[in-house]
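These are the residues of each chain, in order.
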Amino acid sequence: MLNKKVEEILNVQVEKEGYSSNLYLAMASWAESRGYEGIAKWLYAQAEEEREHMLKIIAYINERGGRTIIPAFAKPPVDYTGVKPMFDQVLEHEQYVTASINEIVTVCMQEKDYTTHNWVQWFVTEQIEEEASANNILDKLNLLGDGPLYLFDRDILTLRSEESQG
Ligand code: FEO
């Protein structure tokens, strides 16, 4: 049987991953409507990943005899002031998610739930990649400065395929 406190904090994480998915969908839709096709594709793929994270947690809670309550999700922002500030927001959001994953690790230790502690390590590693990937994009955007984003929009998808190969 899943420890109650662990079940609670995992349910909170279900909401955070689902919100992340919707946040990236909102960003993708904004980018697409601005003609940034590559950036939109990157964000749509990211939204899918976040949905998979959410599903992973739902399945784990239920498998371990707990119960997942599917929550309401807050409406993500509709407008973004530009590509760079949007990716600043992506990084900030991922740092927030990393902190909440670390919080799950802490609760697992406190509750001596070593099974979930072991299971959640996948997310710990995933967060390293998620932050690195946002940082990588921001490095490239900083190099560009106020230059045109045409090449960046084309190349952002190769950044993604390098990641999935690595
Ligand atoms: Fe599932 Fe990007 O955190």
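The following paragraphs examine the structure supplied in this document. (Residues numbered from 1 in each chain as written. Predicted model: local features only at pLDDT ≥ 70, side-chain atom pairs only at ≥ 80, totals over all residues. Heavy atoms only, no water.)

1. Considerations on helix α1 (residues 4-33)
Argument step 1. Here α1 spans 44 Å end to end across 30 residues, near enough to the 44 Å set by a 1.5 Å rise per residue.
Argument step 2. Looking at the residues trailing α1, positive phi occurs at G35, about 90°. (Helix = DSSP H or I, 4+ residues; strand = E, 2+ residues; numbered from the N terminus. Expected span 1.5 Å × (residues − 1).)

2. Observations concerning the environment of A74
Argument step 1. Checked against the element boundaries, A74 lands in the loop between α2 (37-63) and α3 (83-110).
Argument step 2. Since its relative accessible area comes to 44%, A74 is described here as partly exposed.
Argument step 3. C-alpha separation for the pair A74 and G18, spaced 56 residues apart in sequence, amounts to 9.7 Å. (Buried < 20%, exposed > 50% of the residue type's maximum accessible area, 1.4 Å probe, protein only.)

3. Some remarks on the packing of aromatic side chains
Argument step 1. Counting across every chain of the model gives 7 aromatic pairs.
Argument step 2. Measuring from ring centre to ring centre gives 4.0 Å for Y60 and W119, while their planes differ by 15°; the resulting arrangement is stacked. Of this pair, Y60 sits in helix α2 while W119 is found in helix α4 (residues 114-144), placing the two residues 59 residues apart along the sequence.
Argument step 3. Arranged with centres 6.5 Å apart and planes meeting at 80°, the rings of F87 and F152 form a pair that is edge-to-face. In this pair, F87 is assigned in helix α3 and F152 in helix α5 (residues 150-165), connecting sequence segments 65 residues apart.
Argument step 4. For F87, a relative accessible area of 0% puts it in the buried group.
Argument step 5. Of note, K56 hangs over the ring of W122, and the distance from its end group to the ring centre comes to 4.1 Å. (Phe/Tyr/Trp six-rings, centres within 6.5 Å; stacked < 30°, edge-to-face > 60°. Lys NZ or Arg CZ within 6 Å of the ring centre and 35° of its normal.)

4. Structural notes on the pattern of salt bridges
Argument step 1. Summed over all chains, the structure comprises 4 salt bridges.
Argument step 2. Where E111 meets K5, a salt bridge forms, and the shortest distance between an N and an O atom there is 3.7 Å. Of this pair, E111 sits in the loop between α3 and α4 while K5 sits in helix α1, and the two are 106 residues apart along the sequence.
Argument step 3. For R154, the salt bridge goes to D155, with nearest N and O atoms at 3.1 Å. (Salt bridge = Lys/Arg side-chain N within 4 Å of Asp/Glu carboxyl O.)

Bear in mind that shape data such as this cannot, by itself, settle questions of function.
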